[in-house]
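The primary structure of each chain is shown beneath.
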Amino acid sequence: MSLCLVIDEMHPSLPAMLESIGIEMDYQPTLTAAEVPAALSAQPYEGLVVRSKLRVTADLLAHGPQLRYVARAGAGTDNIDTAAMAAAGVMLLNAPEGNRDAVGEFAVGLLLGLLRHIPSADYEVRQGLWQREANRGTEIGGKTIGLLGYGHMGRAFAQRLRAFGCTVRAHDSNPAVTTDGHAELVPLAELQACADVLSLHIPYSAANHHFVNEALLVGFKKPIWVMNTARGEVVDQAALVQALRVGTVRGAALDVLDNEKLQTLSPAQQASFDFLRTAPNVVLTPHVGGWSFESYARINEVLVEKIRAFRAGALGANAGG
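Reading guide: rules and limits
- Every chain is numbered independently, its residues counted from 1 as its sequence is written.
- Only residues with pLDDT of at least 70 get local features here, since the model is predicted, and only at 80 or more are side-chain atom pairs given and counted; chain-wide, interface and lining totals rely on the full set of residues.
- With hydrogens and water excluded, all non-hydrogen atoms of the structure serve as input to the side-chain values.
- UniProt positions are given in the numbering used here, feature names are shortened, and annotations may be inferred rather than shown by experiment.
- For this analysis, a ring pair means two rings from Phe, Tyr or Trp (six-membered ring only for Trp) whose centres lie within 6.5 Å, classed as stacked if their planes differ by under 30 degrees, edge-to-face if by over 60, and tilted for the remaining angles.
- Only DSSP runs of H or I with at least four residues qualify as helices, and only runs of E with at least two residues qualify as strands; both kinds are numbered from the N terminus onward.
- Relative accessible area decides the class of each residue, using a 1.4 Å probe on protein chains only: under 20% of the type maximum gives buried, over 50% gives exposed, and in between gives partly exposed.
- At least two DSSP bridges between two strands are required for those strands to pair.
- Lines fitted to C-alpha atoms define the axes here, with helix axes fitted over just the stretch in contact, and angles between the N-to-C directions of these axes take values from 0 to 180 degrees.
- Contacts were defined at the residue level, with two residues in contact if any of their heavy atoms lie within 4.5 Å.
- Whenever a carboxyl oxygen of Asp or Glu lies within 4 Å of a side-chain nitrogen of Lys or Arg, that contact is scored as a salt bridge.
- Roughly parallel covers angles under 35 degrees, roughly antiparallel covers those over 145, roughly perpendicular covers 65 to 115, and oblique covers all other angles.
- Crossing handedness follows the turn of the near helix against the far one: under a right angle anticlockwise gives a left-handed crossing, and clockwise gives a right-handed one.
- By the convention adopted, Pro, Cys, Tyr, Trp, Phe, Met, Ile, Leu, Val and Ala count as nonpolar, Lys, Arg, Asp and Glu as charged, and the other residues, Gly among them, as polar.
- The sign given to each residue is positive for Lys and Arg and negative for Asp and Glu; His and the chain ends receive no count.
- Side-chain atoms alone can form a polar contact between residues adjacent in sequence; in general such a contact is a pair of N or O atoms within 3.5 Å, and within protein one must be able to donate a hydrogen while the other accepts it.

- You'll find the chain entered in an unreviewed UniProt entry as D-3-phosphoglycerate dehydrogenase, with Hymenobacter artigasi given as the organism.
- Under the Sequence similarities (unreviewed entry) heading, UniProt states for the chain: "Belongs to the D-isomer specific 2-hydroxyacid dehydrogenase family."

### Comments concerning the packing of aromatic side chains
Consideration 1: For the coordinates displayed, the defined rule picks out two aromatic pairs.
Consideration 2: With centroids separated by 6.0 Å and ring planes inclined at 75°, the aromatic side chains of Tyr-69 and Phe-310 adopt a geometry described as edge-to-face. Here the residue Tyr-69 occupies a position in strand S4 (residues 69-72), and Phe-310 occupies one in helix H12 (residues 293-311), the gap between them amounting to 241 residues.
Consideration 3: Take Phe-310: its relative accessible area is 12%, and that puts it in the buried class.
Consideration 4: Arranged with centres 6.5 Å apart and planes meeting at 35°, the rings of Trp-291 and Tyr-296 form a pair that is tilted.

### Let's talk about the sheet that holds strand S2 (residues 23-27)
Consideration 1: Within the open sheet, the five strands sit side by side as S2-S1-S3-S4-S5. Their pairing is parallel. The open sheet terminates on both sides in strands that have one partner only, identified here as S2 and strand S5 (91-94). Across this sheet, the average inter-strand angle for adjacent strands is 25°, counted without regard to direction.
Consideration 2: Note: strand S3 (residues 45-50) against S4, four bridges, orientation parallel. Paired with Gly-47 across the two strands is Tyr-69, which belongs to S4.
Consideration 3: Along the sheet, H12 contacts strand S1 (2-6), S2, S3, S4 and S5; its crossing angle with S5, the most-contacted strand, is approximately 150°.

### Side note on the UniProt feature "domain: D-isomer specific 2-hydroxyacid dehydrogenase NAD-binding" (unreviewed entry) in the chain
Consideration 1: As recorded in UniProt, the sites labelled "domain: D-isomer specific 2-hydroxyacid dehydrogenase NAD-binding" (unreviewed entry) are residues 108-289.
Consideration 2: Span residues 108-289 is 34% helix and 16% strand, its end C-alpha atoms 10 Å apart.

### Digging into the pattern of salt bridges
Consideration 1: If you walk through the whole model with that rule in mind, you get 12 salt bridges.
Consideration 2: Note that Arg-68 and Glu-46 form a salt bridge whose closest N and O atoms lie 3.4 Å from each other. Of this pair, Arg-68 sits in the loop between helix H3 (58-62) and S4 while Glu-46 sits in strand S3; the two residues are 22 residues apart in sequence, bridging distant segments of the chain.
Consideration 3: Judged by its relative accessible area of 34%, Arg-68 is partly exposed.
Consideration 4: We classify Glu-46 as buried; its relative accessible area is 11%.
Consideration 5: Where Asp-78 meets Arg-231, a salt bridge forms, and the shortest distance between an N and an O atom there is 3.1 Å. Note that Asp-78 is positioned in the loop between S4 and helix H4 (82-88) and Arg-231 in the loop between strand S10 (224-228) and helix H10 (237-246), a separation of 153 residues in sequence.

### Let's talk about the packing of H10 against helix H11 (residues 267-278)
Consideration 1: Contact geometry for H10 and H11: axes closest at 10 Å, N-to-C directions at 40°. Of the possible angle classes, the one that applies to H10 and H11 is oblique. Crossing angle aside, the handedness with which H10 passes H11 is left-handed. Between H10 and H11, the residues in contact are Gln-237, Val-241, Leu-244 and Arg-245 and Gln-269, Ser-272, Phe-273, Phe-275 and Leu-276, respectively.
Consideration 2: Taken together, the residues of the contact of H10 with H11 break down into five nonpolar, three polar and one charged.

### Remarks on the pairing of S3
In the case of a regular strand, side chains alternate between the two sheet surfaces.
Consideration 1: Taking burial as the measure, the six residues of S3 include six buried ones, the bulk of the element.
Consideration 2: When S1 meets S3, the two strands line up parallel, connected through four bridges. Paired with Leu-3 across the bridge in S3 is Tyr-45.

### Some words on the side chain of Asp-8
Consideration 1: Of note, Asp-8 is situated in the loop between S1 and helix H1 (14-19).
Consideration 2: Of the buried charged residues, Asp-8 lacks a salt bridge, with Lys-53 as the closest side chain of opposite charge at 4.1 Å.
Consideration 3: A polar contact is formed between the side chain of Asp-8 and the backbone nitrogen of Arg-51, at a distance of 2.8 Å.
Consideration 4: Those residues in contact with Asp-8, other than ones at most four positions away along the chain, are Tyr-27, Pro-29, Val-49, Val-50, Arg-51, Ser-52 and Lys-53.

### Quick look at the side chain of Arg-72
Consideration 1: As for its placement among the helices and strands, Arg-72 is situated in strand S4.
Consideration 2: With no salt bridge to any partner, buried Arg-72 finds its closest opposite charge in Asp-78, at an N-O distance of 5.6 Å.
Consideration 3: In this structure the side chain of Arg-72 is engaged in a polar contact, spanning 3.2 Å, whose partner is the backbone oxygen of Arg-51.
Consideration 4: Apart from residues no more than four positions distant in its own chain, Arg-72 is found in contact with Val-50, Arg-51, Ser-52, Thr-77, Asn-79, Ile-80, Leu-93, Asn-94, Ala-95, Arg-231 and Leu-303.

Okay, structure coming up:
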């Protein structure tokens, strides 16, 4: 059997699933990022399974000369140097199919919570306040939901929006992306012209850093609600706060922040976070959009099938999905 090092907590179904395709799992979820290079050097690992604790760099890969693949247990690959992977001849596998349904459902929940004031109304009632008029909400029906990014997550959200009687339009910078009947693909300028809601579904990359910034936000023709279930770094958080202050953004639902380690915020990050956490038209959740009991197990299924296919020679350079 070949060896695979797993350095993060995984659903307990993984060992048997890997064994069924001829792989022995070395499960070391308590390893720190600093300890992983030495662990890789100690055994002839063919594979490495990670979540987000570790950055996969050229230096790290040099400690695992027999690595053939790195499997990311989730969708985002912003902690992986894809150029270094390609140079080392190591395949990158990820599992957006595993948690896309969780994200799609969660995004619906965020949208409902944002437009119908559900979190703030709940808080008020618990404080003994019964304010019906102040919590009069807005319906999704008849609105135009604009999706920035139309990969697995954007498609899952669009599919679930069909029942609400709204219009769904999406923009994706990848010319290979095609429509699936749940959303109309449009240029970015057209999305800015028509959207009532902007929902973000783009991965983080250097090119996408602060993609949603002041210039993009002021380009919308009417005040919008903003939702982010992607990565915090794709939004210029200070620009979002300013747009909320002046009303060009009517409200925001954020499952991700530019710095999610809240004890390490810079003064500027702390100032924007303090505004967001006290604003009644902002919903905040701790990066749990794809974090369901079902997706926890399904990610294993997706990864193991991709590992099996890769080892059988059936997956090429686009195996990440």
